[in-house]
Every structure is written in structure tokens, then in C-alpha cells.
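An overview of the molecular structure
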Amino acid sequence: MTAAVVTGSIAVLTPVGVGIAAFLTPLFRKSKSPEVRIALLDQVPDDGMPRYFPVVADREDAWTRYPAQRVGAVYLIRLAGEEKPTAFTAKCPHAGCFIGYTPGAKVFQCPCHTSAFNLNGSRVNGDAEVAPRGMDTLPVSIRQAKTGDGTEIAEVWVEFIDFQTGHKEKIPTA
Amino acid sequence: MTKLFQSLGDWFDHRTGVRKIIHESLYEPIPGGARWRYVWGSTLVMAFVTQLVTGIFLWMAYSPSTQTAWESVFYIQYEMNGGWLLRGIHHFMAQAMVVLLAIHFLQVVWDGAYRAPRELNFILGLILMLIVLGLALTGYLLPWDQKGYWATSVGTNLASQTPVVGPEVKKLAIGGSEYGHQTLTRFFALHAGVLPGALMAFLVLHIALFRRHGLHARKPDHKLDSMFWPDQVLKDSIAALAVLTVVLGLTIYFRGAELTAPADPANPYDAARPEWYFLFLFQFLKWFPGELEVWGAFIIPGLIMAVPFVMPWIGRTRTGHLINIALLCALLGGAAALTAQAIHEDYFAAWNSKEDILKADDPVLAARYEASERFLNAKTEAHREAQRVIELAESPQRIPPTGALSMMYDDPLLQGPKLFEQNCASCHNFQDYDAEVFAKVFGKEEGEKRRQQAEGQPKQWQEIVNPSPTAPNLYGVGSPLWIDGMLSPKLISTPNFFGYKDSPFADGDMSGFVHDTFSGELTDEQLLALMKVTRALWAESDLMPADTRKSLKDQIEEGKQLIQGGLAELFDSGMSCTDCHKFHDTGDLGSAPDLTGYMSREWLLAFVRNPAGERFYGDNNDRMPAFGPHDNPQLNQLDDKSLGLIVDWLRGDWIRVAQPAEKFDEAP
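Starting afresh in each chain, residues are numbered from 1 along the sequence in its written order. Labels follow written order: the first chain is A, the first ligand is 1, and so on. For a predicted model such as this one, the threshold for reporting local features is a pLDDT of at least 70, and the threshold for listing and counting side-chain atom pairs is 80 or more; totals across whole chains, interfaces and linings nevertheless cover every residue.

1. Overview of the overall build of chain A
- By the criteria applied, helices consist of DSSP H or I runs no shorter than four residues and strands consist of E runs no shorter than two, each listed in order from the N terminus. Counting its regular elements, chain A contains two helices and nine strands.
- Helices (α) and strands (β) of chain A occur, in sequence order from the N terminus, as α-α-β-β-β-β-β-β-β-β-β.
- Our radius of gyration is a C-alpha quantity, and the globule rule it is checked against amounts to 2.2 Å times the number of residues to the power 0.38. What you see for chain A is a C-alpha radius of gyration of 22 Å, clearly larger than the 16 Å of a compact globule of 174 residues, by over 25%.
- Over its C-alpha atoms, taken along the principal directions, chain A stretches across nearly 80 × 50 × 20 Å.
- To assign burial, the other C-beta atoms lying within 10 Å of each residue's own C-beta are counted, with C-beta atoms placed from the backbone; 20 or more indicates buried, 12 or fewer indicates exposed, and intermediate counts indicate partly exposed. Within the span of chain A, comprising 174 residues, buried residues form 32% of the whole.
- Contact between two residues is assigned whenever their backbone-derived C-beta positions fall within 7 Å. Taking the intrachain contacts of chain A between residues at least 6 apart in sequence as the baseline, contacts between residues at least 24 apart amount to 45%.

Laid out in C-alpha cells, this is it:
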């Protein structure tokens, strides 16, 4: 009897196992966060006002490779006298909606569950805010490029990391 | 003949026993006779069959991938025979199913039909309900439009907060760390394979157990017992027809299900909301800040969902039964209240006037108003975008192999305003000249005409308004109206042209020339000359339609002569354009912009790239930055494509679908 159960189970479960193995593929795929050129430093004056830039990078989706796609957006802010701007990803740490900013406003606002963030990325209502943490900052670097006539021009580069939503801590998804 | 059928039937029955099966399924006793209140289960079966049938036909036309999902749904909706009806029935029947489920569930609890021996069947029913909700959730994403994409992505992001396994569950559900092809293939397999399969299996069990226990008769008195066939079947059929009528009515009233613009991961949809029957959950979440969210998203809804599963045991006593009814009322009442609250918050701005809110001076109300305004604006904007994409997809160009999204990215009409807002609107306006300007320049009568014209007409172009511009209003660059304005002593000094704040051109040579030359009463000959100049410059911009150009050929030629020196002989100032400007072979660069090809695509592109170049303003350039001075596009503020989109949008140069009419008529 045992033999019958074992043999039968193997016959039935083998294809199930193979299917599940294929199904689990996404868990074994690692993606790398791209480093992206966002803007020229000149485009981010040190006036403390957020400026919105799309993030354009090559993106791979299963079998398709999209060259130079908009993969997200960042806000760059440079305070007076600062050399390097701060970069906030526009993705809301609450549920992943796009945080909006109206030029001149004093807060960022998420349209979905009305989270609000100060211009330094912190939550307006602290722990009473639906968002579990402030806006996510991204690593910024300044790189020098050369123009045709040899003058140097400063560019803002950002490592575009995607973070898990809904947690107090910043945990990259990849 | 009858005999033949009879013997064929016998032959078949002998081998299958089909007659017994039919008999058993039709002749089920109904204690107390057929009643309307027994129809709900049957209407649900009928609704499911409708979904199965319409779903299979939709399947035949649907293609799940990020370049084809929206596109194939577009094809179903707008090109296939009655496709909108097919999709509409599927869409609205899904909603009817949720309503019918609620009624069925309510009735079973109310009647206490979950008591022994029917506990297990009650639980099967609850499982069926969860499967139907799962079908609704997975189906919402499949069109891959902005609405479905953003609503579902919020949903799966919440799922990733499930303790411990959350992120992995999300990855498996969407087939990677981001939404893409695999999200669609997986959701589609769930929606069209796994869930309907499970539903059928559980439905068979549900009905089998139902037959086993018999109908839970409410009051088996008064009337005589009867059979399922034909009395109850008739009532069931009438009810099913009524449901279908409502669904068809809704489908026709709304012209089918909505299809918003293609999903764009980089373009947020501020009006992302789940389907109405999930709105209460969406609203519920707002009550749980930060880390407590997991309570709002899982623990509390999970506990609430667990309650019905134990109802049969709570309801064993009379008190228990009343508790169940009270729980159910509280649950439905709570959901209804939350739904109403969600709708009230979203439409707050539409139902209240801004002045009242401002007067109240309450920051909470003001914030609510603002949030609602954003929601409503996003809805309008999404609607506008969807209309345009559909218009493009229907045009002879069709959708490119790269999909509808890339088509959107290449469209000046859609991208122009966004790029203008990001790059130009901090100085420039883009605003139609209103009736007042017209009255001022062309007289009261023209102003009135303008006002009437504009009234009730949708704006052809999206306006972008900067209340304190520090550069000219770019509305209609290169059009006759623009050129006329530039040459009009009454207009050139307005903020629309050189009269903006801190303008160095307000008292500049051009302004001086226009005031000196064209002020006062002009003779008919002078007016005619001015018109010819306008037409010659209009022709330079390449915005003049070919047949107009042909019919005005002589005037354009004469206009060119006037620009190149002819004006000097006609007007007292004794100057013409080429005294400062270069125009074709006459005049020199260096003191004023080149008028050769004025406001043509090439001219405007070169201008935006570097307005301080020798060909344009040179050292006289006001504050306008050079957006693309370098040959290497990587070094420029704007890439070539964005520059092209802005210029094409400014010039009104995009694919026109319906009307060949000119956007800018000749000035009156």
C-alpha cells in the first residue's frame, strides 16, 4: 500500500514541483540599482526649493530591454551654500504612490493617503502620519564632464535605489 | 420521427443515465412552494456563467504583456464589433456579482440558514466570496491602464507589509521586484485560470451540499410544496433577466467600461482608487498611521473576515443568532459609512465652494479641499490624456510596435505642456489673449466677438498661466496673431510681448520702431503693406497651410520686398526690418534676431538651444538660459527629443486627427 501511495505521489507531485520551481523564479533574480545622471548642477540652484526630475535609465523587464526609460522621479533640493543637493525619490514610503510637489509650497504631498512631508523629507505629523518613515533619500554624487570647448560642467548623479514601502526602516527591494 | 428520437434517447440514457440526472436536478422539492426570496443563489450562478462566457470571448482578443495589454483592450473597446458591449457586460456583471453576493450572504445569515447541518456549506460560500473578490482584484489590473495600474500597485505594496513573508509574496505575485510582463501573465493566469477553476470546484461542492441538505425553507406553511421545475426556475429566470437588464442598462449608460491612458510607471496617477466595493478598505487605511498600518491592512480586516467563518457556531442559540445579525449590520454599516466618507473626501472640492472653505479658515478643511482638488484635477487630466491616446491609436498611424506608451511619449500635445511647465513656465506664460486684450487693440466690437467665440468652447490648447511672467507669452508663436501683436503699438508693450516685468526690450529699438512707425491713423496703403509683411513672416514660420500659401503667393512676395527695404519708403520713420534684422540675403546678424525662417521649427529649436547666439539676441539676450548649446546632448539641460517636443507643441505642430482646420486664424 505504501508503495502505491509513494509511486502515485511521485507521479503527481513531480510536475507540480517543476511548475513551482519555475513559478519561484522572481525570488532568485537580483536586480542592481542603476546609477543615473539626473541633471546639471546648474539646474538645482541653492535656494532650498525642490525641483522635480524624471529618472531615465535602461530598464529590463523579463525579456524586454527598454533603453532610456523613465523609471521614476526624484526631487533635488540644494540649501543655501550647499555644494551637493539632497535627492529624494518621489515614491511614497507608505504605499508607493508618487509624492507631488507644487512649486512654492512648503510641503510635499502624497495624493493617495494624504501623507505630507516637509521639504527636508521628514513627516509633517511625525508618527501620526500614515507614512511609516520620511521620504527616502538617495546617494548623490557630483561628476565633472567636459564640454566641447573643454570647460568643465558639473552633473548630479544619483544611485536610484528602490525601497520597500510600509516599513519604518529603509529596506531595498532588490 | 418522434420514435427515432425516443430510441436515440433511450440508447443514450442506457449508457449514461442522463435522464435520472436531469430528473434529479429539476425535481427538487421546494417546501412551501416557489418564492422570489429563493432566487439569489441562482442569479449568482447566472452571473458567473455570464462572466465565464464574456471572459472567454475577451480572452480571445486579449494579450497580456506591457506592450500589448492596453493595446489589445483598446482594440476590443474601440474596434471590435460590439467589443465595448462585451467588455462592458463583463465589467458591470462583476460589480453586480459583488452586490448579489452581499444579498445572498445577508439573507443566509438573517434566516439563520447556516445552522447545523449547513455549517460547512456556509463556509464554502464564504470561500466562494473570497474567490470572487480575488477575481475582481486581479481583473482590475489587466487593461494595464493608469487606473488599474496605480490602484493595484498600491494594493500589492500593502500586501508586501504582511509580516515576515510580505516582500516575497509580493515578488511572487507581481513576478519580480517591479510591475512588468510577468505581473500581467501571473494576474491573467490567476484571473482566467486558477481562480475560475477554484470557483467552479467550490461551486460544485456548494451546490452538492445544498442539494444534500435541501432548501432552507423560511416558512414551510401556507402553500403546498412544489418542485424546482418549472415554478422556481421561472422565478429564477426572471430574476436573472432582471440582473442582466440592469447590467446592460449600466453598460449602455456608461458606454461600456472606462479605459484610461496606458499605464506609465513614471507618471503618477493622483486619482488611483480601488473599485468602489474596496473603497471602504482604502478609507480604513487612512486611520492607521505608520507602523500601525499592518493593523489596518491585515490584522483587523483579517479578524473581521474570520468572524463570518465562526458564525454558524455563534448562531447556535437564539441570542447567538441575534449577535450574528448585529455583527453583520455593524460590518455592513461600517463599510457603507467608510465608503461614503471616501467619496465625500474625494469630491469635497466639487461639492463645496472655495470661498466658503477659505472663509472658514480651518486648516483641516483647507487641506481636505486641496487634496480633493488634486484628485479631481488628476481625473480630468487622465481623461484628457486617455482621449488623446485613443485618438492617436485610431489615427492611420496606429500604435507602434513599442506600444501605446511610447506613442504618448512622442506626442507634442501630451508632452509639450508638461515640459513647458517644468522648463519654461517659471518665466513664460502660455495663455490665449483674452477678450480684453482684443478690445484694447482691435476695438470693442472685436473684443465682444472674441468673448462670444470663447464662451462655452473648450480650450483648444492647454493654457499654462504664470501670474507674474518675466518673458513673453508664447501662445501662438509664429501665427499671424503673434506677428500682428509684435507689430502693434498697442500690444508690443503689454506683458504678452515686450512689456513683461523688468524687460530690457520695453524701451528697446524694436518697441521704439513699432511705436514710431505704426502709431496713429494709417492709410489704406500702409495697412495693406503691414498685412503683407505679416503674411510674409507667417509664411516663413512654415505654419501657413499649403493652399493659403499658394493663393497668397503674390502678397507673400511683396511682403518680403517690404521687409527687405520697402517699408522705409511707405512709412515716415524711414526704416524697414532689415535695418536691424537679417532676412534671407539682406541685412546683417548681430543686432537683432534673424528673420529668415522666423519661428519655423528649425529657427525655434536653434533659438531655444542658445538664444544668446549670434543668430538671435547675442549680447542683448535677456535672462533666457541656453537649453541645448552643446553638441553632446548629455551636457545639455534638455535633450534633443524634449526640445523637439516643446517646439512642436508651441507651434501647434502635432498629429491632428479629426479636423484639418487651422488652430490660428488670421487676426481680425
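Continuing now.
2. Things to note about the overall build of chain B
- Scanning chain B from N- to C-terminus turns up 27 helices and two strands.
- By the compact-globule yardstick of 26 Å for 668 residues, chain B is too spread out, its C-alpha radius of gyration being 35 Å.
- Counting only C-alpha atoms and orienting by the principal axes, one finds that chain B spans roughly 110 × 70 × 50 Å.
- A buried classification covers 37% of the 668 residues belonging to chain B.
- Once local pairs closer than 6 in sequence are excluded, the contacts in chain B between residues at least 24 apart make up 69%.

3. Remarks on the pairing of strand E4 (residues 86–89) of chain A
Residues and elements named next belong to chain A.
- The alternating pattern of E4 places Thr86 and Phe88 and Ala87 and Thr89 on opposite faces, both of which are buried.
- Sheet analysis places strand E3 (residues 64–77) next to E4, joined by four bridges and oriented antiparallel. Each bridged residue has a counterpart across the sheet, and for Ile77 the counterpart in E4 is Thr86. Whether two strands pair depends on DSSP finding at least two bridges between them.

4. Let's talk about the sheet that holds E3 of chain A
- Here we have four strands laid out as an open sheet, ordered E2-E3-E4-E7 (chain A), and antiparallel in their pairing. The sheet is open, and its two edges are formed by strand E2 (51–61) and strand E7 (137–138) of chain A, each paired on a single side.

5. Let's talk about unusual backbone geometry
Residue and element names in this part refer to chain B.
- Ala116 connects to Pro117 through a cis peptide bond whose omega is 5°.
- Among the structural elements, Pro117 can be located in the loop between helix H5 (83–110) and helix H6 (119–141).
- With an omega dihedral of 0°, the bond running from Trp229 to Pro230 counts as a cis peptide bond.
- Relative to the assigned elements, Pro230 resides in helix H10 (residues 228–253).
- Phi is positive for Arg398, which is not a glycine, with a value near 60°.
- One can find Arg398 in the loop between helix H16 (363–394) and helix H17 (404–409).
- Owing to 11 C-beta atoms within 10 Å, Arg398 belongs among the exposed residues under this scheme.

6. A short note on H10 of chain B
- Each helix should span, by expectation, one fewer than its residue count multiplied by 1.5 Å. Between the first and last C-alpha of H10 of chain B there are 35 Å, a value that for 26 residues agrees with the 38 Å anticipated at 1.5 Å per step.
- The complete set of buried residues in H10 of chain B reads Gln232, Asp236, Val243, Val247 and Thr251 of chain B.

7. Notes on the domain arrangement of chain A
- Domain delimitation follows an automatic or database domain assignment. Domain boundaries assigned for chain A yield domain 1 (1–30) and domain 2 (33–159).
- Domain 1 of chain A and domain 2 of chain A are separated by 45 Å when their C-alpha centres are compared.

8. With respect to the environment of Leu224 of chain B
Residue and element names in this part refer to chain B.
- With respect to the helices and strands, Leu224 occurs in the loop between helix H9 (181–213) and strand E2 (226–227).
- Since 8 C-beta atoms lie within 10 Å of it, Leu224 is described here as exposed.
- As a C-alpha pair, Leu224 and Gly33 span 191 residues in sequence and 5.8 Å in three-dimensional space.

9. Description of the interface of chain B and chain A
- Facing 39 residues of chain B, the contacting portion of chain A comprises 42 residues.
- Mapped by element, the contributors of at least two residues to the side of chain B that touches chain A are helix H7 (146–159), helix H8 (166–174), H9 and H16 of chain B.
- Looking at the side of chain B that touches chain A, its residues break down into 14 nonpolar, 17 polar and eight charged. Amino acid classes used here: Ala, Val, Leu, Ile, Met, Phe, Trp, Tyr, Cys and Pro are nonpolar; Asp, Glu, Lys and Arg are charged; the rest, including Gly, are polar.

10. Structural notes on the nonpolar core
- Structurally, a nonpolar core is described as a collection of buried Ala, Val, Leu, Ile, Met, Phe, Trp, Tyr and Cys residues joined by way of C-beta atoms within 7 Å. The biggest cluster of nonpolar side chains holds 151 residues, and the ones touching the most others in it are Val74 and Leu76 of chain A together with Ala47 of chain B.
- Setting aside anything within four residues of it in sequence, one finds Val74 of chain A in contact with Ile38, Phe53, Val55, Ala87, Phe88, Thr89, Ala90, Leu138 and Val158 of chain A.
- Ranked by size, the runner-up nonpolar core spans seven residues in total, among them Phe105, Val108, Val109 and Met311 of chain B.

11. A closer look at the domain arrangement of chain B
All names here are of chain B.
- On domain assignment, one finds that chain B holds domain 1 (36–272), domain 2 (349–409) and domain 3 (412–650).
- The gap between the C-alpha centroids of domain 1 and domain 2 is 28 Å.
- Of the residues lining the interface, 15 residues belong to domain 1; the matching set on domain 2 comes to 17 residues.
- In terms of residue count, helix H4 (residues 69–78) provides more of the side of domain 1 that touches domain 2 than any other element does, four residues in total.
- Its residues assigned to classes, the side of domain 1 that touches domain 2 comprises eight nonpolar, four polar and three charged.

12. Quick look at the sheet that holds strand E1 (residues 35–40) of chain A
Residue and element names in this part refer to chain A.
- Pairing is antiparallel across the open sheet formed by three strands, whose spatial order is E1-E9-E8. At either margin of the open sheet sits one strand with a lone partner, and together these are E1 and strand E8 (140–146). On average, each strand axis in the sheet is tilted by 40° relative to the strand beside it, whichever way the strands run. Axes here refer to lines fitted to C-alpha atoms; in helices the fit is confined to the stretch in contact. Angles between the N-to-C directions go from 0 to 180 degrees.

13. Let's talk about H7 of chain B
- If you check H7 of chain B, its first and last C-alpha atoms are 20 Å apart, about what 14 residues at 1.5 Å a residue would give, namely 20 Å.
- Of all 14 residues in H7 of chain B, 13 are buried; the element is thus mostly enclosed.

14. Quick word on the environment of Pro274 of chain B
All names here are of chain B.
- If you trace the backbone, Pro274 turns up in the loop between H10 and helix H11 (279–285).
- For the pair Pro274 and Lys147, spaced 127 residues apart in sequence, the C-alpha separation works out to 8.4 Å.
- Beyond its immediate chain neighbours, meaning those up to four positions away, Pro274 contacts Ala151, Gly155, Leu279 and Phe282.

15. Observations regarding the confidence of the model for chain B
Residue and element names in this part refer to chain B.
- Confidence of the predictor at the level of single residues is captured by pLDDT, which takes values from 0 to 100. Looking at chain B, the pLDDT average stands at 88 and 94% of residues meet or exceed 70.
- Put simply, helix H19 (residues 435–442) is where chain B has its lowest mean pLDDT, 68, and H4 is where it has its highest, 97.
- Note on residues 660–668: pLDDT under 50 across the span, and 13 contacts to partners over four residues away in sequence or across chains.
- Scored by ipTM, the complex comes to 0.78, with pTM at 0.85.

16. A short note on the packing of H5 of chain B against H6 of chain B
Residue and element names in this part refer to chain B.
- Put simply, H5 and H6 touch, their axes get as near as 11 Å, and they point 160° apart. With respect to H6, the element H5 is oriented roughly antiparallel. Judged by the twist between their axes, the crossing of H5 over H6 is left-handed. Judged by residue contacts, Ala94, Met97, Val98, Leu101, Phe105 and Val108 of H5 engage Phe122, Gly125, Met129, Val132, Ala136 and Gly139 from H6.
- The residue inventory of the contact of H5 with H6, partitioned by class, reads 10 nonpolar, two polar and no charged. Note on angle classes: values under 35 degrees are labelled roughly parallel, values over 145 roughly antiparallel, values of 65 to 115 roughly perpendicular, and the remainder oblique. What makes a crossing left-handed is the near helix being turned counterclockwise from the far one by less than a right angle; a clockwise turn instead makes it right-handed.

17. Some details on the environment of Ala69 of chain B
Residues and elements named next belong to chain B.
- With respect to the helices and strands, Ala69 occurs in helix H4.
- What makes Ala69 buried here is the crowd of 29 C-beta atoms within 10 Å.
- Between the C-alpha atoms of Ala69 and Ala378, which are 309 residues apart in sequence, the distance is 23 Å.
- Apart from the residues within four sequence positions on either side, Ala69 is in contact with Ser63, Pro64, Leu142, Pro143, Trp144 and Leu184.

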